[in-house]
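Chain and residue survey
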Amino acid sequence: MGEGIGEGGPLVRGSMGIVIILALLIASLPIIMTYSTLILTSFANTIVSSPWVKFRFTLENWRLFLEGKLAPTAGVVYTPEDILRFIVNTAIVAGGVTLVVLAASVTSAYAFSRMNFFMRSGMMKLLILLHAFPGVALIVGVYAIYVFLNSYIPRDYSVYYSFIFVIIARASLEIPMAIWILKGFFDRVPWELEWATIVDGGSRLTALRTAVLPLVKPGIAAVAIFAFLAGWEDLIYVLVFLPPHEKTLATYIESQLGSGTLETTYLPVVAAAGTLYLIPTIIFFVVTQRLLLETMSGGLKG
Amino acid sequence: MARRGRQALFFLLPMLILVVAFYILPLILTAWISFTPLTNWRVRDQLDDFVGLENYVNLYYLARYDPDFHKVLQTTLVFVTFTLFINVVGGLVLAILTYLIDERISLAYRLLWLLPRMTPLAVFGLLWYYFFYGGPQGTLNSFLLKLGVIDEPVRWGTDPAMLPYSAWAIIVFVNGLVGVSYGMIIFYSAFKNIPRELIIAARVDGARTWEVIRHILVPMVRWHIVFVTVWQLLSLITSYTHLFVLVQWSVVDKWYGTTLALYVFNTAFFDVKNQGFAAAAAVILVIIGSILGLVTLRIMRFSQMISPPRGDI
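Residues numbered from 1 in each chain as written. Chains lettered and ligands numbered in written order. Predicted model: local features only at pLDDT ≥ 70, side-chain atom pairs only at ≥ 80, totals over all residues.

1. A short note on the overall build of chain B
What chain B contains, in helices and strands, is 15 helices and 0 strands. Residues classed as buried in chain B amount to 47% of the 313 residues present. In chain B, once contacts between residues fewer than 6 apart in sequence are set aside, the share between residues at least 24 apart is 70%. (Helix = DSSP H or I, 4+ residues; strand = E, 2+ residues; numbered from the N terminus. Buried ≥ 20, exposed ≤ 12 C-beta atoms within 10 Å, placed from the backbone. Contact = placed C-beta atoms within 7 Å.)

2. A closer look at the overall build of chain A
From N to C terminus, chain A includes 12 helices and 0 strands. Listed N to C, the secondary structure of chain A is α-α-α-α-α-α-α-α-α-α-α-α in terms of helices and strands. Every one of the 302 residues in chain A was classed for burial, and the buried ones make up 43%. Once local pairs closer than 6 in sequence are excluded, the contacts in chain A between residues at least 24 apart make up 70%.

3. Thoughts on the domain arrangement of chain A
Interface size is commonly expressed as the accessible surface area that is lost when the partners come together. Segmenting chain A into domains produces domain 1 (5–58) and domain 2 (83–249 + 288–301). Placing a centre on the C-alpha atoms of domain 1 of chain A and another on those of domain 2 of chain A gives a separation of 35 Å. (Domains from an automatic or database assignment.)

4. As for the nonpolar core
Within the largest apolar cluster, 184 residues are counted, with the highest numbers of intra-cluster contacts made by Val140 of chain A together with Ile171, Leu246, Val264, Ala282 and Leu285 of chain B. In this structure, this core is formed jointly by two domains, domain 1 (5–58) and domain 2 (83–249 + 288–301) of chain A, each of which donates at least three residues. In contact with Val140 of chain A, other than residues within four places in its own chain, are Thr30, Ile33, Ala268, Gln275, Ala278, Ala279 and Ala282 of chain B. (Core = buried A, V, L, I, M, F, W, Y, C linked by C-beta atoms within 7 Å.)

5. Considering the packing of helix H3 (residues 83–114) of chain A against helix H9 (residues 217–233) of chain A
All names here are of chain A. One can describe the packing of H3 onto H9 by two numbers: an axis separation of 7 Å at closest approach and a directional angle of 140 degrees. One element, H3, and the other, H9, form an angle in the oblique class. Between H3 and H9 lies a crossing of right-handed hand. On H9, the residues touching Thr90, Val93, Ala94, Gly96, Val97, Thr98, Val101, Leu102, Ser105 and Val106 of H3 are Ile220, Val223, Ala224, Ala227, Phe228, Ala230, Gly231 and Trp232. Of the residues contributing to the contact of H3 with H9, the split by class is 13 nonpolar, 5 polar and no charged. (Axes fitted to C-alpha atoms, helices over the stretch in contact; angles between N-to-C directions. Parallel < 35°, antiparallel > 145°, perpendicular 65-115°, else oblique. Left-handed = near helix turned anticlockwise from the far one by under 90°. Nonpolar A, V, L, I, M, F, W, Y, C, P; charged D, E, K, R; others polar.)

6. Structural notes on the interface of chain A and chain B
Contacts between the two partners involve 90 residues from chain A, matched on the other side by 92 residues from chain B. With 13 residues, the single largest contributor to the side of chain A that touches chain B is helix H1 (residues 14–42) of chain A. Looking at the side of chain A that touches chain B residue by residue, the classes come out as 59 nonpolar, 25 polar and 6 charged.

7. A word on helix H7 (residues 139–147) of chain B
One turn of an α-helix holds 3.6 residues; hence residues three or four places apart share an orientation. Looking only at H7 of chain B, the buried set comprises Thr139, Leu140, Asn141 and Ser142 of chain B. Buried residues belonging to H7 of chain B abut H1 of chain A together with helix H6 (121–131) of chain B. Looking one or two residues past H7 of chain B, Gly148 of chain B carries a phi angle of roughly 80 degrees, positive in sign.

8. Examining helix H13 (residues 260–269) of chain B
When you tally the buried positions in H13 of chain B, you get 9 out of 10 residues, the bulk of the element. Taken as a whole, H13 of chain B has its buried residues at Leu260, Ala261, Leu262, Tyr263, Val264, Phe265, Asn266, Thr267 and Ala268 of chain B.

9. A few points about the environment of Ile39 of chain A
Among the structural elements, Ile39 of chain A can be located in helix H1. Between the C-alpha atom of Ile39 of chain A and that of Ala23 of chain A, which follows or precedes it by 16 residues, the distance is 25 Å.

10. Details of unusual backbone geometry
Comment: phi is negative for the bulk of residues other than glycine, and the bulk of peptide bonds are trans. Phi is positive for Asn40 of chain B, which is not a glycine, with a value near 50 degrees. Inspection of the secondary structure assignment puts Asn40 of chain B in the loop between helix H1 (2–33) and helix H2 (43–46).

11. Things to note about the environment of Phe69 of chain B
All names here are of chain B. Secondary-structure assignment places Phe69 in helix H4 (residues 67–100). The spacing of Phe69 and Leu59 is 10 residues in sequence and 9.4 Å in space, taken between C-alpha atoms. In this view, Phe69 contacts Leu62 and Ala63; residues no more than four positions away in its chain are not counted.

Here's what the structure looks like:
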């Protein structure tokens, strides 16, 4: 690659470029500041809200958080909470959502990419509409189903039922987009590869598994990551469907700041919870940068 | 033909089951519930009681006479209008600026602006909880106290003296930060599809940066602007999750932080647990949403975008 604007260099050079970069920096300050406040506060003895706050570095917040002593001012009668369990619950929901999304979207995306069937284009349009569908209208109906089925579930199993239900219900919200993204990846795989498998007497399913799937690994990775993060970040579904004692990191943080609890909440400890909760997102960001940006725009170009 | 149909059905089955169970059936149920007196989720007793249009009539009376519901409707209007403006115009500005600068710096900025969208809801709420915190430790208070703009800490979203504007400003700002990245990504990827020669030629002819933006970049994404506007409009009318957290944690006033979508959610699950009434309001939202959704499909000319399948045997 050579130099100059014609060869992939910046379109604006010199002082104008610097002005733009600085303008973007100023516009980004609220984002930079709020995230640093959160992360720094988790290692400090007070809320690090501005550059001139004097704070002491400490791991005390992390210790209190991981020991489940989330409200140290609440007094001696306070029972520690099982933080590990909250983390495991969050991971169960996120992992479950990933599996359900992959199971339901890979085969459908393949069919949309490779087969012609009744109502194909109608179904694809429907999926786009579903993606944009008012979630709040759905959740009322979905909860009615949940309550209705719950009366048939023996009490001992009702916790498992809640988890399975919340996972499938949450995964369903991600499926329309997952199918569109994956279809885009399938469309780029040359059809001749599967043809060879099918001519050799393999079924469509074998062709998909042996010839196509290895070539769409980035697409599957992208969909899996999006699904995992969707399950990981969810607050509303977990809050509504899981019993109050089965918390995830989201509902734990929510319960700390929700009405009526503020007197006992120690904000730096909540910052530790928030920072821990943010780690998978940050890792994902660092590792997949370009894949992330391309998938987000590609999924909509169809 | 029948064999082919069966084969496609086999591949589509998992998706179809989930779509029926978690979209179509719930939608029918929500519409059904809107004609019942369902409260406290007593589905076994109340789901076959019909009250006709009572819930819709109540909704009408509330819209006419209830001061709190008036606040909700006002908030919905203000929230959707201003956030939409930020999402579209802000997204366009971000896309243009990141398109013009050096690719590595651009990537860093685009990722930074994408971060709010990918951040877990509870953490994102927490960030703004600290920022607008009413005590002297809150970031905004801390800055303004230091600069001498205010003498004592302000409870930004809830101080009656500043309502409703402060609460509205906060919900628009916080949601704008999440929504703006959508336009940024769509516009940026559209810019990337513009042949570079076009811009270089203009440059060689002596076009200034501003002229390149005005006469090349913006006209090239006309359709994208329309699409992002309609799509974001749809998403803003129906989104409630970020507002839920802000209201629940008292970052903003309850009524001046509640839009119609959040009102439906809180009515069904938290406040009065009146699902019949909530469902009626939800049905209104669905009708608005469906119309906007169909408009979007028209605009995007989806039929042309859906290419015929390859490898159909």
